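Chain and residue survey
Residue strings, one per chain:
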Amino acid sequence: MKQGNYRVLSNRLIAHATWEMVLEGDTGSLKRPGQFVNVQVPGKFLRRPLSVAAWDNATLTLIYKVVGQGTDLLTRCRPADSLNLLCGLGNGFDLSPSGQHPLLVGGGVGLPPLYQLAMDLVKAGKQPHLIMGFGSSDEIFYEDLFRRLISVTVCTVDGSAGIKGFVTQAVPPKGSDYFFACGPSPMLQALCSWLPFSGQLSLEERMGCGFGACMGCSIQTTLGSQRVCKEGPVFAKEVLIW
Amino acid sequence: MNTAVTLCGIRMDNPVMGASGCFGYGVEFAELYDINLLGSFSFKGTTLHPRFGNPCPRIAESNSGMLNAVGLQNPGVRQVIAVELPRMKQFFHKPVMANVSGFSLDEYVQTCALLDAEEQVGWLEVNISCPNVHLGGMSFGTEPAAAAEITRAVKAVCKKPVIIKLTPNVSDIAAIASACEQAGADGISLINTLVALRIDIKTRRPVLANRTGGLSGPAILPVALAMVRKVYEAVSVPIVGMGGVSCVEDVLEMMLAGATAVQVGAANLVEPYICRDIVEDLPRAMARHGIEDLNDIIGGIQY
Ligand SMILES: Cc1cc2nc3c(=O)[nH]c(=O)nc-3n(C[C@H](O)[C@H](O)[C@H](O)COP(=O)(O)OP(=O)(O)OC[C@H]3O[C@@H](n4cnc5c(N)ncnc54)[C@H](O)[C@@H]3O)c2cc1C
Ligand SMILES: Cc1cc2nc3c(=O)[nH]c(=O)nc-3n(C[C@H](O)[C@H](O)[C@H](O)COP(=O)(O)O)c2cc1C
Ligand code: FES
């Protein structure tokens with residue numbers, strides 16, 4: 001983990017209530033897709049955990065949905081503003097157990113960490129397929145960016161784009177042998193029984209610190225108690241107890 | 001210039017400590033900076049048996065503070081002694097404060113006795129905010145007689161200084177502190193968190209799975225200062241002050257109210273380097289406020 005000040009390069013609305021922020025600063029503590037940062041929001045006591053959607057050696061990209069006061073305050077950030085981050089938190093996805101045809105499943109703002117993951121899987125010579133789920137067509141983001149990398153199936157709950165229904169309405173391509181998922185907890189739980197193969201899931205929990213000090217985010221797993229912020233947020237399907 | 005203080009006979013390089021539950025066993029902070037520059041820290045509340053704690057959500061926010069209902073998650077005293085203390089020894093070389101919780105008199109006594117025998121432990125900090133299962137769940141810390149009973153029982157099995165940590169959720173905290181002192185407490189620490197509630201107005205349910213939680217952070221500093229002062233006027237044993245401390249000025253204020261040592265809790269969770277920064281700021285702040293020796297300001301509020 002590293003604490004530092006990051007300079008806002010851009011902060012723009014990319015879909016209904018969904019914003020993309022690009023920050024400039026030290027990304028050296030980021031090792032794996034699926035890691036997150038804990039953002040100090042001026043005026044709020046607790047930091048806000050957000051997944052890193054993509055990074056290079058000087059910038060990182062966050063995608064966030066406005067759901068409350070903290071994320072609403074973030075929309076007011078302008079280029080050249082500075083934000084304090086704890087960077088490089090959590091374990092991130094482990095690419096090594098994946099077969100040749102991993103399935104990525106993301107619901108809403110669960111999609112961000114899958115973007116860097118998709119880039120890394122392609123770089124590793126794999127052929128991932130993505131199922132992206134949204135409530136409605138106006139919430140869709142990053143579809144084109146994902147399509148430039150990999151094949152994509154879109155689902156919307158109201159049927160306004162792609163397949164009507166939840167992500168479990170989609171048909172995984174034949175030969176899918178492993179999955180990576182991030183999204184709301186009911187979706188993750190459904191996936192675990194829907195998909196017959198093994199995989200990794202990124203969980204969300206309310207956090208005090210984000211770096212393992214407060215036990216605010218512990219869950220029960222088959223490995224015993226685990227901190228979502230430290231041993232997670234990514235867990236193997238087999239260790240989760242629903 | 002002198003920043004050193006003496007807490008129950010143990011010298012500390014400075015009065016700044018990490019507070020229990022907000023500093024783990026030191027591991028996460030030792031990865032960031034040399035935690036030997038602290039006066040000391042109090043490790044996570046330890047119970048006789050392992051505890052998973054409460055279901056999530058365990059954390060909620062408020063203006064200038066946070067609520068927690070972690071529920072004393074810890075691996076149990078035997079695991080703390082077998083794993084955490086040996087690991088801590090590799091990066092922390094000062095006496096550490098052992099924070100103990102229990103749900104019966106017997107649990108407190110057994111846990112304290114085991115930790116008292118550990119070389120690394122300097123002080124026992126006995127958190128009496130917990131509900132007593134034998135008293136219908138009423139907290140030990142809300143009744144002078146129950147607080148005194150715990151103090152006596154723990155003192156009987158400990159050679160090291162016993163500091164009783166008080167809950168602020170009482171009508172007369174000075175009466176409880178006095179009862180502990182008369183029962184042999186070597187020091188008093190306060191305040192623990194204040195009972196608090198947040199409600200999600202969309203679902204109309206409490207944000208925390210445990211319904212209520214404990215409020216801490218800058219929001220409670222003035223409450224803590226008033227209570228530390230009240231206890232300082234009632235007892236003559238040293239006081240460990242805490243509640244909302246998040247900068248060097250807060251440390252000085254806490255000492256003026258009557259604290260000999262000062263713990264920093266929730267602030268560590270949002271500013272992981274805060275304890276280091278406070279220790280580094282201390283000499284400059286002392287110079288700015290004309291303080292030659294920190295001991296001179298303990299309890300030094302002027303009326
Ligand atoms: C590891 C991790 C990665 C995440 N990645 C993303 C992401 O990439 N994009 C995105 O839009 N959201 C993400 N979230 C969820 C995001 O943290 C919350 O939506 C955000 O904290 C809400 O803050 P708020 O002030 O707007 O909401 P409020 O409801 O006003 O916040 C109140 C408190 O609850 C916490 N909180 C509320 N909702 C959540 C939640 N779902 N998860 C955790 N804490 C919550 C807040 O952090 C704050 O402490 C992630 C959460 C975690 C744990
Ligand atoms: C997440 C969290 C966990 C805590 N766990 C304990 C504990 O195990 N034992 C204890 O005596 N106090 C515990 N406390 C209370 C703190 O040690 C401290 O008394 C209180 O938070 C007030 O200080 P602060 O405002 O600086 O946080 C905890 C506080 C927090 C925020
Ligand atoms: S949020 Fe503090 S331990 Fe995970």
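Relevant structure appears above.
What comes next is a walk through the structure. Since the model is a prediction, treat every value here as computed from it, not as a measurement.

Residue and element names in this part refer to chain A. One can find asparagine 11 in strand 1 (residues 2–15). Judged by relative accessible area, which is 14%, asparagine 11 ranks as buried. Of note is the side chain of asparagine 11, whose polar atom sits 2.9 Å from the side chain of tyrosine 64. Among the polar contacts made by the side chain of asparagine 11, one reaches the main-chain carbonyl oxygen of leucine 74 at a distance of 3.0 Å. The residues contacting asparagine 11, other than those within four sequence positions of it, are Trp19, Glu20, Met21, Tyr64, Leu74, Thr75, Arg76 and Cys77.

All right, on to the nonpolar core then. Counting residues in hydrophobic clusters, the biggest one holds 141 residues, and the most contacted among them are B:Phe43, B:Ile128, B:Leu166, B:Ile188 and B:Leu190. No other element matches helix 9 (residues 274–288) of chain B, which puts seven residues into this core. Dropping the residues within four chain positions of it, B:Leu190 is found in contact with B:Leu166, B:Ile173, B:Met227, B:Val228, B:Val231, B:Ile239, B:Val240, B:Gly241 and B:Met242. In this structure, A:Leu104, A:Tyr115, A:Phe134 and A:Val154 belong to the second largest nonpolar core, which totals 26 residues.

Moving on, we come to unusual backbone geometry. Glycine aside, negative phi is the norm for most residues, and most peptide bonds take the trans geometry. A cis amide bond links A:Gly232 with the next residue in sequence, A:Pro233, at an omega value of 10 degrees. When you line up the elements, A:Pro233 lands in the loop between strand 14 (224–227) and strand 15 (234–236). Residues B:Leu190 and B:Ile191 are joined by a peptide bond in cis, for which omega reads 10 degrees. Mapping B:Ile191 onto the fold places it in the loop between strand 10 (187–190) and strand 11 (194–197). Non-glycine residue B:Cys8 carries a positive phi angle of around 50 degrees. Relative to the assigned elements, B:Cys8 resides in the loop between strand 1 (5–7) and strand 2 (10–12). Take B:Cys8: its relative accessible area is 19%, and that puts it in the buried class. Despite not being glycine, B:Ser64 has its phi angle at roughly 55 degrees, a positive value. Looking at where B:Ser64 falls in the secondary structure, it is placed in the loop between strand 5 (59–62) and strand 6 (65–68).

Time to look at the interface of chain A and chain B. Contact residues are listed per partner, giving 28 residues for chain A and 33 residues for chain B. Both sides together, the interface formed by chain A and chain B hides about 2400 Å², and carbon and sulfur atoms give 60% of it. Per-residue buried area on chain A facing chain B is highest for A:Phe45, A:Arg206 and A:Phe211; these three make up 28% of the total on that side. Our count for the chain A to chain B interface comes out at four salt bridges. Measuring nitrogen to oxygen at the nearest pair gives 2.7 Å for the salt bridge that ties A:Arg48 to B:Glu61. The interface formed by chain A and chain B holds 11 residue pairs in polar contact (both at pLDDT 80 or more) in total. Elements represented by at least two residues in the side of chain A that touches chain B include exactly strand 13 (218–221) and strand 14 of chain A. When residues in the side of chain A that touches chain B are grouped by element, the largest group, three residues, is from strand 13 of chain A.

This part covers the site of ligand 2. Residues and elements named next belong to chain B. Taken together, 22 residues surround ligand 2, and among them Ser20, Lys165, Gly217, Gly244 and Ala266 come closest. The side chain of lysine 44 places a nitrogen or oxygen atom 3.1 Å from an oxygen atom of ligand 2. Within the backbone of glycine 217, an N or O atom sits 2.8 Å from an oxygen atom of ligand 2. Burial of ligand 2 by the protein amounts to 98% of the accessible area it has alone, namely 600 Å². Split by residue class, the shell around ligand 2 holds seven nonpolar, 13 polar and two charged.

Where nonpolar side chains cluster on the molecular surface, the patch consists of B:Leu256, B:Ile301 and B:Tyr303 and spans about 330 Å² of accessible area. With respect to the helices and strands, B:Ile301 occurs in the segment after helix 9.

One full turn of an α-helix is made of 3.6 residues, so residues set three or four places apart face in the same direction. Residues and elements named next belong to chain B. For helix 9, with 15 residues, the first-to-last C-alpha span of 20 Å sits near the 21 Å given by 1.5 Å per residue. In the structure, helix 9 departs most strongly from a straight axis at leucine 282, where the bend amounts to approximately 40 degrees and where the proline proline 283 lies between one and four residues downstream. Regarding helix 9, the residues found buried are Ile274, Cys275, Ile278, Val279, Leu282, Ala285 and Met286. In this structure, the buried residues of helix 9 make contact with strand 3 (16–18), helix 7 (248–257), strand 16 (261–264) and helix 8 (267–270). Directly beyond the C-terminal end of helix 9, a positive phi value near 65 degrees is found at glycine 290.

Attention now goes to the pairing of strand 5 of chain B. Residue and element names in this part refer to chain B. The alternating pattern of strand 5 places Ile59 and Glu61 and Ala60 and Ser62 on opposite faces, both of which are buried. Strand direction decides the pairing type here: strand 5 and strand 6, joined by four bridges, are antiparallel. If you follow alanine 60 over to strand 6, its bridge partner there is leucine 67. The antiparallel pairing of strand 5 with strand 6 creates a hairpin that spans two residues between the two strands, and serine 64 there sits at a positive phi of about 55 degrees.

Attention now moves to the sheet that holds strand 11 (residues 178–182) of chain A. All names here are of chain A. On the basis of which strands lie adjacent, the open sheet formed by seven strands has the order 10-9-8-7-11-12-15 and mixed pairing. One side of each edge strand has no neighbouring strand; the edge strands of this open sheet are strand 10 (163–164) and strand 15. Bridge analysis of strand 8 (residues 129–134) against strand 9 (residues 151–156) gives six bridges, and the strand direction is parallel. Considered in strand 9, the bridge of methionine 132 is made with valine 154. Along the sheet, helix 2 (residues 112–123) makes contact with strand 7 (102–107), strand 8 and strand 11, crossing strand 7 at roughly 165 degrees.

What follows concerns the pattern of salt bridges. Between side chains of opposite charge, a pair can form as their charged atoms come close. All names here are of chain A. Scanning the entire structure with this criterion turns up 21 salt bridges over all chains. Across the salt bridge formed by aspartate 26 and lysine 2, the nearest N and O atoms sit 3.3 Å from each other. Placement of aspartate 26 in the loop between strand 2 (18–24) and strand 3 (36–39) and of lysine 2 in strand 1 is noted, with a sequence separation of 24 residues between them. Look at lysine 2 and you get partly exposed, because its relative accessible area is 42%.

The rules behind each value
- Residues numbered from 1 in each chain as written.
- Chains lettered and ligands numbered in written order.
- Predicted model: local features only at pLDDT ≥ 70, side-chain atom pairs only at ≥ 80, totals over all residues.
- Heavy atoms only, no water.
- Helix = DSSP H or I, 4+ residues; strand = E, 2+ residues; numbered from the N terminus.
- Buried < 20%, exposed > 50% of the residue type's maximum accessible area, 1.4 Å probe, protein only.
- Polar contact = N/O pair within 3.5 Å; in protein donor to acceptor, adjacent residues only side chain to side chain.
- Contact = heavy atoms within 4.5 Å.
- Core = buried A, V, L, I, M, F, W, Y, C linked by side-chain atoms within 4.5 Å.
- Buried area = accessible area lost by both parts, 1.4 Å probe.
- Salt bridge = Lys/Arg side-chain N within 4 Å of Asp/Glu carboxyl O.
- Near = heavy atom within 4 Å.
- Areas by Shrake-Rupley, 256 points an atom, 1.4 Å probe, with all protein chains shown as cover.
- Nonpolar A, V, L, I, M, F, W, Y, C, P; charged D, E, K, R; others polar.
- Patch = residues over 30% accessible without salt bridge, like charges linked within 9 Å, V, L, I, M, F, W, Y side chains within 5 Å.
- Expected span 1.5 Å × (residues − 1).
- Bend = angle between axes of the 7 residues up to and from the residue.
- Pairing = 2+ DSSP bridges.
- Axes fitted to C-alpha atoms, helices over the stretch in contact; angles between N-to-C directions.

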